[in-house]
Amino acid sequence: MITFSGFGVFLGDVSRAEIKHYTKNPLKAQEKVLKKILRRNKNCELGKKLNLGDIHSIKEFQDKVPLSSYADYEPYVDRMINNGEDRIMFSGKNIRYASSSGSVGKPKILPKGINDLWKMQCIGFSVSVATAYHWMKENMGVTMYNQVGPLALNLSGHKLEDGKQCNGAGQIPLRYLKCILPFFCTSPLELLFPSLEDKLDTSYLHLRFCLENKKVSYLGSIVVTLLTQMFDYLEVNWEMLCDDIEKGIINPNIDITPELRKKFEKKFKPNPKRAAELRAEFEKGFDDPIAPRIWPRLQWAYGMMGSNLLVYVEKLRKHIGPNVPIHNMGYAAAEGFFAAPTDLNVNDYVLLPWCLFLEFLPIGEDDDHADYSQRPLLMNELEVGKNYEMIVTNFSGLYRYKIEDVVKVTRMYNNTPEVELLFRQNLSMNVANEKTTTDMVVAAASNAAKALDLEFQGFSFYPDFSTKPPRYTMLCEVKGGIPDEETRQKLIKEIDSQFDAINEKFYKYRRWGMLNTPEVLFLKPDTYVDYNKYLADKGIVLNQIKPVTVINNEEREKFFFSHVDTDADVVSYVLNK
């Protein structure tokens, strides 16, 4: 292996050894990490307010420190950003910020100290490499090749008023490796760190660079959705890509800035031999896995792939085949790195009891939220098969923070639970990892209605994978009858504009070709009245019926698409399933 891969395996082995050690007695590790957090942060402004210096046990911590939400920290974060103040939420120096899903137009921004960043770096970067290395050796009897491949992602963040960088949590480890990325990544830095203003066809560009390299050994992304999207694009546009490789050009119809076009084309030379190899495989079709046929050294893929992304994993399997293992990178968020897998081809991960302090509130299978009045459980009290809402305390100033993630305990690793992320509360749609929340959906629809002087009897959004790239489809019942086509087109543009303004990731992903233009379909009059009757006939009490903001199951699909007042192609694949 090259030096960087070997170093990654070394760091990963250190973290894997820590996992083996600390998971044997998770309660002891949790007691130790909580005491360390309290000791370090007792003298910061928030630490004094919460009297952290007077707390000496987990029970005292639960009794004296209330559960918290982002609203409790936002004033402190604003002071840090706007005034450059430090050591407010925690005693260490704030290094940077991590952003998480916000509600409407404003993401949650959380400071990150060195302790959390170091764990995120070591675990986030290296555990995947070390796990893949050992899995290949033990299960396939092979050694990992020199690592080279595409990173189908973007690492662009932005600086805040205090000059510190802000990124999504999953981007942070790779940002710190910027100087060495060219040694194991086919995508150039300009493509990995695009400007927010640049309109780029990212799927084409990632493929344009990695298809020429026959030695690709991995496929990587933060979330597997972007890998499946890349293959979807390839299946439709392979002829264009082969022609461009043969000629050594970037297709003139591709969205790219003139500066980047000029710079990238200097890297390409006519390559008719590789184009012919690729064309021969593509002409055989995509029913047999295409990735191993065009990259014979391909050994593994990685990206986050929780239970809410299984549809993407299945699509990726179609392209990479059953023999290429996938590593589920881990369970991380702006609040911290919570869990890491110790195996490949699994959807669950081992909780990390020495990294931060975690509590868990039981919730029923049919419940969205836990009962916040009861005492949360600790790692050693969790049961396999049960669902829990997590509460986080970290080194960077969060104390008993309601992260609003629901996990399921799948099994035990030593004496520590392995969990699977079931869903994020208030997360409405996530077709390309853009993390659109329910609040965003409601705001976008309400603002669009006001802008066009419409009144909705009801509206629902459908994560629509019938197009490549995927899109949002809005189904709405308009008071006063079904509007004309001109109004529908205006509503499409307005919905697109509203999500652009409300969700920064939606704006970026639309510009970079990762999300398609939204669709709008009008529902027949009294659709939502009929839906309530339909549920009532099933025995559901009307006061328990909630608005259908998102069509997220087959039953809802069949009902609402059967009430669409159109025979447009967009609904045919649902109605004919």
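Residues numbered from 1 in each chain as written. Predicted model: local features only at pLDDT ≥ 70, side-chain atom pairs only at ≥ 80, totals over all residues. Heavy atoms only, no water.

So what exactly am I meant to see when it comes to the overall build of the protein here?
Helix and strand content of the protein: 20 helices and 19 strands. In terms of C-alpha radius of gyration, the protein reaches 25 Å, essentially the compact-globule figure of 25 Å for 577 residues. The principal-axis extents of the C-alpha atoms in the protein amount to approximately 65 × 65 × 45 Å. When burial is assessed residue by residue, the protein has 56% of its 577 residues classed as buried. Sequence-distant contacts in the protein: of pairs separated by 6 or more residues, those separated by 24 or more amount to 68%. Of the roughly 24,500 Å² that the protein leaves accessible, carbon and sulfur atoms contribute 49%. For the protein, the distance from the average site of its 73 positive side-chain charges to the average site of its 75 negative ones is 8 Å. (Helix = DSSP H or I, 4+ residues; strand = E, 2+ residues; numbered from the N terminus. Rg over C-alpha atoms; globule rule 2.2 N^0.38 Å. Buried < 20%, exposed > 50% of the residue type's maximum accessible area, 1.4 Å probe, protein only. Contact = heavy atoms within 4.5 Å. Areas by Shrake-Rupley, 256 points an atom, 1.4 Å probe, with all protein chains shown as cover. Lys, Arg positive; Asp, Glu negative; His and termini not counted. Charge placed at Lys NZ, Arg CZ, Asp CG, Glu CD.)

I keep staring at the packing of aromatic side chains and nothing clicks. Help me out?
Aromatic ring pairs are described here by two measures, namely the spacing of the ring centres and the angle between the planes. Scanning the model with the defined rule gives 26 aromatic pairs in all. Each ring, one from Phe360 and one from Tyr388, has its centre 6.3 Å from the other, and the planes form 80 degrees; the classification is edge-to-face. Remark: Tyr388 occurs in strand 12 (residues 387-393) and Phe360 occurs in strand 11 (residues 357-363); sequence separation between them is 28 residues. For the pair Phe360 and Tyr388, one class covers both residues: buried. Here a set of aromatic residues connected by ring pairs shows up, and it is made of Phe456, Phe459, Phe461, Tyr472, Phe499 and Phe506. When the ring centre of Phe193 is taken as reference, the NZ or CZ atom of Lys178 above it lies at 4.4 Å. Looking at Arg208, its charged tip hangs above the ring of Phe268, at a distance of 3.8 Å from the centre. (Phe/Tyr/Trp six-rings, centres within 6.5 Å; stacked < 30°, edge-to-face > 60°. Lys NZ or Arg CZ within 6 Å of the ring centre and 35° of its normal.)

Got a minute to help me understand the confidence of the model for the protein in this structure?
Interpretation of this model should avoid reading the predicted coordinates in detail wherever pLDDT is low. Across the protein, pLDDT averages 87, with 92% of residues at or above 70. Counting contacts from residues 568-577, a segment whose pLDDT is below 50, to residues more than four positions away or on other chains yields 20 contacts. (pLDDT = per-residue confidence, 0-100.)

Where do I start with the pattern of salt bridges in this structure?
Pairing is possible between side chains that carry opposite charge, provided their charged atoms lie close to one another. For the structure on display, the rule yields 28 salt bridges. Residue Lys93 is joined to Asp86 by a salt bridge in which the shortest nitrogen-to-oxygen separation is 3.7 Å. With relative accessibility at 24%, the residue Asp86 sits in the partly exposed group. Here Arg279 ties to Glu246 by a salt bridge, and the two come within 3.3 Å at their closest N and O atoms. Residue Arg279 is found in helix 12 (residues 272-283), and its partner Glu246 is found in helix 10 (residues 224-247); the two are separated by 33 residues along the sequence. The partly exposed category is assigned to Glu246, whose relative accessible area is 31%. Each member of the salt-bridge network shares a partner with another, and the members are Glu45, Arg79 and Glu85. (Salt bridge = Lys/Arg side-chain N within 4 Å of Asp/Glu carboxyl O.)

For this particular structure, what's the right way to read unusual backbone geometry?
Most peptide bonds take the trans configuration, and most residues that are not glycine carry a negative phi. Cis geometry is found at the peptide bond from Lys468 to Pro469, where omega equals 0 degrees. In the Ramachandran plot, Arg87 falls in the positive-phi region, its phi being about 55 degrees despite a non-glycine side chain. Within the element layout of this structure, Arg87 appears in the loop between helix 5 (70-83) and strand 1 (96-100). The phi dihedral of Glu404 falls on the positive side, at around 70 degrees, and the residue is not glycine. Positionally, Glu404 belongs in strand 13 (residues 401-413). Judged by relative accessible area, Glu404 falls into the partly exposed class, the value being 24%.

Would you take a moment to explain helix 2 (residues 26-41) for this structure?
The α-helix winds at 3.6 residues per turn, so residues separated by three or four positions along the chain end up facing the same way. Helix length check: helix 2 (16 residues) gives 22 Å between terminal C-alpha atoms against 22 Å at 1.5 Å per residue, within 8%. Three or more residues of helix 2 are buried, namely Pro26, Ala29, Gln30, Val33, Leu34, Ile37, Leu38 and Asn41. Buried positions in helix 2, seen along its axis, are confined to an arc of 160 degrees and lie on one side of it. The exposed set on the far side of helix 2, more than 90 degrees from its buried face, consists of Lys28, Lys32 and Arg39. (Expected span 1.5 Å × (residues − 1). Arc of directions from axis to C-beta.)

Could you clarify how one ought to interpret the state of the cysteines in this entry?
By definition, a disulfide links the sulfur atoms of two cysteine residues through a covalent bond. Evaluation of the coordinates by the stated rule reveals zero disulfides. The thiol sulfur of Cys122 is not disulfide-bonded, and the nearest other cysteine sulfur, from Cys355, lies at 9.5 Å. The thiol of Cys210 is not disulfide-bonded; the next cysteine sulfur, from Cys185, is found 9.4 Å away. Overall, Cys210 belongs to the buried group, its relative accessible area being 0%. (Disulfide = S-S within 2.5 Å.)

Any chance you could explain helix 5 here in plain terms?
With 14 residues, helix 5 ought to run about 20 Å at 1.5 Å a step, and its terminal C-alpha atoms sit 19 Å apart, in line with that. The largest bend in helix 5 is about 25 degrees, located at Tyr76. If you check which residues of helix 5 are buried, you get Tyr70, Tyr73, Tyr76, Val77, Met80 and Ile81. Residues of helix 5 that are buried sit in contact with helix 3 (45-49), strand 1, strand 2 (108-112) and strand 13. Positioned one or two residues after helix 5, Gly84 has a phi angle of 70 degrees, which is positive. (Bend = angle between axes of the 7 residues up to and from the residue.)

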